[in-house]
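Residue-level structural notes
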Amino acid sequence: NAGVTQTPKFQVLKTGQSMTLQCAQDMNHNSMYWYRQDPGMGLRLIYYSASEGTTDKGEVPNGYNVSRLNKREFSLRLESAAPSQTSVYFCASSEPGQGGDGYGYTFGSGTRLTVV
Amino acid sequence: QKEVEQNSGPLSVPEGAIASLNCTYSDRVSQSFFWYRQYSGKSPELIMSIYSNGDKEDGRFTAQLNKASQYVSLLIRDSQPSDSATYLCAVNKMNTGNQFYFGTGTSLTVIP
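Rules used throughout
Residues numbered from 1 in each chain as written. Chains lettered and ligands numbered in written order. Predicted model: local features only at pLDDT ≥ 70, side-chain atom pairs only at ≥ 80, totals over all residues. Heavy atoms only, no water. Phe/Tyr/Trp six-rings, centres within 6.5 Å; stacked < 30°, edge-to-face > 60°. Helix = DSSP H or I, 4+ residues; strand = E, 2+ residues; numbered from the N terminus. Buried < 20%, exposed > 50% of the residue type's maximum accessible area, 1.4 Å probe, protein only. Lys NZ or Arg CZ within 6 Å of the ring centre and 35° of its normal. Polar contact = N/O pair within 3.5 Å; in protein donor to acceptor, adjacent residues only side chain to side chain. Contact = heavy atoms within 4.5 Å. 1 Å grid on protein atoms, 1.4 Å probe; cavity = no way out; pocket = protein on both sides within 12 Å on 5 of 7 lines; lining within 4 Å. Points joined across faces, edges and corners; volume = space filled by probe spheres on them. Pairing = 2+ DSSP bridges. Axes fitted to C-alpha atoms, helices over the stretch in contact; angles between N-to-C directions.

With that settled, consider the packing of aromatic side chains. Inspection of the entire model under this criterion finds 17 aromatic pairs over all chains. Residues Tyr105(A) and Phe100(B) carry aromatic rings whose centres are separated by 4.0 Å and whose planes lie at 10° to one another, so their mutual orientation is stacked. Here Phe100(B) lies in strand β10 (residues 100-102) and Tyr105(A) lies in the loop between β9 (87-94) and β10 (106-107), a pairing that spans two chains. Summarising the burial analysis for this pair, Tyr105(A) and Phe100(B) share the class buried. Where Phe100(B) meets Phe102(B), the ring centres are 6.1 Å apart and the plane angle is 45°; that geometry is what we call tilted. Just as Phe100(B) is buried, Phe102(B) falls in that class too. Ring pairs connect the aromatic residues Tyr33(A), Tyr35(A), Tyr48(A), Phe90(A), Tyr105(A), Phe107(A), Phe34(B), Tyr36(B), Tyr51(B), Phe100(B) and Phe102(B), which therefore count as one cluster. Residue placement shows Arg60(B) over the ring face of Phe61(B); its charged tip is 5.6 Å from the ring centre.

The structure is reproduced here in structure tokens:
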């Protein structure tokens with residue numbers, strides 16, 4: 001089925017360890033996003049890539065890096081994990097809006113990350 | 001001030017009733033408005049989008065937008081137990097790379 005694929009689905013890290021979350025979409029979308037979701041905080045944007053070759057910070061970028069490897073793939077890296085990064089991470093993709101009208105996101109299934 | 005605000009609920013309605021979910025946004029330049037449904041432990045899924053003032057209907061769902069009041073709502077008619085989920089309101093603004101700002105969601109329970 002077409003959509004957004006995230007790996008891994010679950011991960012437990014020790015403080016200070018690093019890891020990369022992978023995301024790939026097969027809908028030929030130009031824009032891709034990484035969000036984190038925490039109880040009471042809603043979905044918050046970490047980084048986004050409006051098109052291949054570009055990346056920009058979102059609301060909560062500290063402690064993360066991203067790579068837009070090609071049009072399909074957008075990875076999120078935690079260089080030195082901290083307990084505050086315990087969260088559910090969602091990757092999403094969309095087409096950018098035309099004339100100011102945005103298009104809805106398609107979300108991946110999420111990565112549940114625990115940092116101990 | 002948060003970009004998007006929703007009443008977290010929980011909101012409970014009996015099966016067959018109309019569920020009304022509300023959302024306000026702070027920035028008048030917001031362009032597009034979306035409602036997502038999220039079941040527990042799952043990812044959000046898009047159910048409605050609305051760009052212009054007024055109502056937009058899709059099956060049992062109606063989205064309502066009032067840009068003057070900076071208010072968007074979702075009505076679910078003939079509510080079913082399968083509608084029990086958290087509903088997220090999202091807005092985006094022009095020239096932001098299609099960034100969405102999400103509310104914290106309203107939890108809806110439909111009682112059989």
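The next subject is the side chain of Gln6(B). Residues and elements named next belong to chain B. When you line up the elements, Gln-6 lands in strand β1 (residues 4-6). Polar side-chain contacts of Gln-6 include one of 3.1 Å to the backbone nitrogen of Gly-105. Look past the residues within four positions of Gln-6 in its chain and what remains in contact with it is Asn-22, Cys-23, Trp-35, Tyr-87, Leu-88, Cys-89, Gly-103, Thr-104, Gly-105 and Thr-106.

Quick look at the layout of surface pockets now. Each pocket or cavity is described by its volume, and for the largest pocket that value is around 360 Å³. Taken together, the elements giving at least two residues each to the lining of the largest pocket come down to β4 (31-38) and β9 of chain A together with β9 (85-93) of chain B. It is β9(B) that provides the largest number of residues to the lining of the largest pocket, a total of three residues. Its boundaries defined by the atoms lining it, the second largest pocket holds a volume of some 270 Å³. What lines the second largest pocket is a set of 16 residues, and nearest its centre among them are Met41(A), Leu43(A), Arg44(A), Glu59(A) and Phe102(B).

So, about the sheet that holds strand β7 (residues 64-68) of chain A. Residues and elements named next belong to chain A. Here we have four strands laid out as an open sheet, ordered β1-β3-β8-β7, and antiparallel in their pairing. Of all strands in the sheet, those with a lone pairing partner are β1 (4-7) and β7, marking the two edges. Between one strand and the next, the sheet's axes are offset by a mean angle of 15°, whatever the strand orientation. Judged from the four bridges that link them, β1 and strand β3 (residues 19-25) form a sheet pairing that is antiparallel. Residue Thr-5 lies in a different strand from β3, and its bridge partner there is Ala-24.

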